Amino acid sequence: MTASPLRIGIAGLGTVGAGTLKVLRAHADLLALRAGRELKPVAVSARARGKNRGVSLDGLRWCDDPLQLAADPEIDVVAELIGGSDGIARGLCELALRNGKHVVTANKALLAHHGAALARAAETAGRALAFEAAVAGGIPIIKALREGLAANRITQLYGILNGTCNYILTQMRTEGREFSAVLAEAQKLGYAEADPSFDVDGIDAGHKLAILAASAFGGEVDFGAVSLEGIRHVTLADIRFAEELGYRIKLLGIARRTELGIEQRVHPCMVPLAAPIASVDGVYNAVVVEGDSVGTTVFEGRGAGEGPTASAVVADLLDIARGHKIPAFGVPAARLAKLPRAPLAKRKGPCYVRLMVVDRPGIFAAVAASLRDHQISMESVLQRGRAPDAVVPVVMTLHEATEAALQQALAEIARHDGIVEPPRMIRIETFA
Ligand SMILES: NC(=O)c1ccc[n+]([C@@H]2O[C@H](COP(=O)([O-])OP(=O)(O)OC[C@H]3O[C@@H](n4cnc5c(N)ncnc54)[C@H](OP(=O)(O)O)[C@@H]3O)[C@@H](O)[C@H]2O)c1
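Residues numbered from 1 in each chain as written. Predicted model: local features only at pLDDT ≥ 70, side-chain atom pairs only at ≥ 80, totals over all residues. Heavy atoms only, no water.

Visitor: I would appreciate a short explanation of the overall build of the protein in the present structure.
Guide: Helix and strand counts for the protein stand at 14 helices and 16 strands. Its C-alpha atoms give the protein a radius of gyration of 24 Å, near enough to 22 Å, the size a compact globule of 432 residues would have. Here the analysis covers contacts within the protein between residues at least 6 apart in sequence; of these, 74% occur between residues at least 24 apart. Accessible surface, the protein as shown: approximately 17900 Å² in total, 51% of it carbon and sulfur. Charge-centre separation for the protein: the mean point of 48 positive side chains lies 3 Å from the mean point of 47 negative side chains. (Helix = DSSP H or I, 4+ residues; strand = E, 2+ residues; numbered from the N terminus. Rg over C-alpha atoms; globule rule 2.2 N^0.38 Å. Contact = heavy atoms within 4.5 Å. Areas by Shrake-Rupley, 256 points an atom, 1.4 Å probe, with all protein chains shown as cover. Lys, Arg positive; Asp, Glu negative; His and termini not counted. Charge placed at Lys NZ, Arg CZ, Asp CG, Glu CD.)

Here it is in structure tokens:
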């Protein structure tokens, strides 16, 4: 082989960084064959030098400070696998690009907040900014959007983007347990962080959705445009009612082109049991993309973990080694602009509502009147267990209504006598 090796500096040797090093080592010959040149790790950086990482660091230069990788003339590409939306990760990527190095990162938080600025810096430097591992782990969804589906006008995409939430919702359904019990177990098993809010409040999925929307619609990453709602309020009762009504509850990220602009939202959804996404369970991720020429495409796979994320990082390195250059978000960075926002208040769709009601005559009539006053019509009503003056769940599915009307009606209903908890609403998405 005559071409010079691609010299790689790896910052961060945790799950993703150590996994990347393992794949680069295990498949060195195959990768060199595919790239036409060697993919050669030359230097690494992490905090604790003596830590066993399950992979040998022999022959690699150790840098106490990751910024040394960005300054090193013997390095062509920096893989930022540390994490965090600012601080050292951001500084490293910016400096590496300024110094004319390509950057590969798995850092969705960084991209969600600074993706457009980094894309511009990469373009100015004439270098690649690649981030396949940042969204849906091993699923090559960024490549699909930027390349394989590039002939399409994307109409919508949606997906299960957070494995922790999908695991929790799956366990609640299959084991018949409540959210808090499943979360505690997931934390014990290492599937959920000690502070789970990034996952269960939808923030992580929101980061990924903002990156997907930018890649699909060719705009700036705009995390502030994403409406976020997590899964803390989903109960086992909701999951059971959903099944009875023919739906499954999933935390989805949805980006949709509408007449008003691009909707970007993350929230629990009821999806029809027959929808492909309904049967994606456990820690798996899935993304559905709809394009005007291609129709519907479905991608599914492992969204996190050492192997899947390393697979994505190394694929990006291989592209760089081949000299394959694609703008970070599919269009030249100089042309990136904020996508027009379609506010959630304008969403029109059906939904599920659960009320906890004192079983007493007249209360339901008042609920029905509030809905009627906001031009919202009921599709079905379920009530389980009758016991005068006891609190019972009443579940309704409502026909298509605007979000604004729905929120007003629910606020009014919450004030009625005999409604003992705030109404719980879960949007129904049929993707028709
Ligand atoms: N884990 C996944 O499945 C997954 C999936 C998709 C994307 N990601 C993203 O990938 C990135 C890395 O995640 P991870 O799970 O691999 O994290 P991790 O296991 O916590 O590893 C982080 C690594 O960064 C090193 N580090 C932290 N601060 C540093 C500093 N100031 N200087 C040098 N090194 C520093 C740590 O060093 P020590 O080991 O010495 O402490 C550690 O090796 C994050 O952006 C994450 O969001 C992760």
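Visitor: Honestly, helix 1 (residues 15–26) in this entry has me stumped. Any pointers?
Guide: Given 3.6 residues per turn, any residue in an α-helix points the same way as the ones three and four places further on. Its 12 residues give helix 1 an end-to-end C-alpha distance of 16 Å, which sits within 8% of 16 Å, the value for a rise of 1.5 Å per residue. Along helix 1, the positions that sit buried rather than exposed are Val16, Gly17, Ala18, Gly19, Thr20, Leu21 and Leu24. (Expected span 1.5 Å × (residues − 1). Buried < 20%, exposed > 50% of the residue type's maximum accessible area, 1.4 Å probe, protein only.)

Visitor: Before we go on, may I ask you to explain the environment of proline 73 in this structure?
Guide: Along the chain, proline 73 turns up in the loop between helix 3 (67–71) and strand 4 (77–80). For the pair formed by proline 73 and lysine 101, sequence separation is 28 residues and the distance between their alpha carbons is 9.1 Å. Setting aside anything within four residues of it in sequence, one finds proline 73 in contact with Arg7 and Lys101.

Visitor: Any chance you could explain the packing of aromatic side chains here in plain terms?
Guide: By convention here, two paired aromatic rings are described through the distance between centres and the angle between planes. Summed over all chains, the structure comprises 3 aromatic pairs. Between the aromatic rings of tyrosine 158 and phenylalanine 431, the centroid separation amounts to 3.5 Å while the plane-to-plane angle is 5°, which identifies the pairing as stacked. With tyrosine 158 in strand 7 (residues 154–160) and phenylalanine 431 in the segment after strand 16 (424–428), this pair connects stretches of sequence that are 273 residues apart. Classification of tyrosine 158 as buried rests on a relative accessible area of 7%. Aromatic pair tyrosine 167 and tyrosine 191: ring centres 4.7 Å apart, planes at 75°, arrangement edge-to-face. With tyrosine 167 in helix 7 (residues 163–175) and tyrosine 191 in the loop between helix 8 (179–189) and helix 9 (197–200), the pair connects residues that are 24 residues apart, well separated along the chain. The lysine or arginine in question, arginine 146, covers the ring of phenylalanine 131, its NZ or CZ lying 5.4 Å from the ring centre. (Phe/Tyr/Trp six-rings, centres within 6.5 Å; stacked < 30°, edge-to-face > 60°. Lys NZ or Arg CZ within 6 Å of the ring centre and 35° of its normal.)

Visitor: Sorry if this is basic, but what is going on with the pairing of strand 2 (residues 39–45) here?
Guide: Regular strands place side chains that alternate from one sheet face to the opposite one. Most of strand 2 sits out of view: 6 of its 7 residues are buried. Here 3 bridges tie strand 2 to strand 3 (residues 61–63), and the two strands are oriented parallel to one another. Paired with valine 44 across the two strands is tryptophan 62, which belongs to strand 3. (Pairing = 2+ DSSP bridges.)

Visitor: What is the right way to look at the sheet that holds strand 2 in this model?
Guide: Hydrogen bonds along the backbone pair up the strands of a sheet, which may run parallel or antiparallel. With parallel pairing, 6 strands are arranged side by side in an open sheet as 3-2-1-4-5-6. Each of the sheet's edge strands pairs with one partner strand only, and the pair in question is strand 3 and strand 6 (129–130). With 2 bridges connecting them, strand 5 (residues 102–105) and strand 6 associate as parallel partners. Looking at the pairing, valine 103 lines up with leucine 129 of strand 6. Across the sheet, helix 4 (residues 87–98) touches strand 1 (6–11), strand 4 and strand 5, and the angle it forms with strand 4 is around 165°. (Axes fitted to C-alpha atoms, helices over the stretch in contact; angles between N-to-C directions.)

Visitor: Got a minute to help me understand helix 10 (residues 203–217) in this structure?
Guide: Relative to the 21 Å expected for 15 residues at 1.5 Å per residue, helix 10 spans 21 Å between its end C-alpha atoms, a close match to the ideal helical length. Counted residue by residue, helix 10 has 14 buried out of 15 residues, so it is predominantly covered. Taken from the residues just after helix 10, glycine 218 is the one with a positive phi, measuring 65°.

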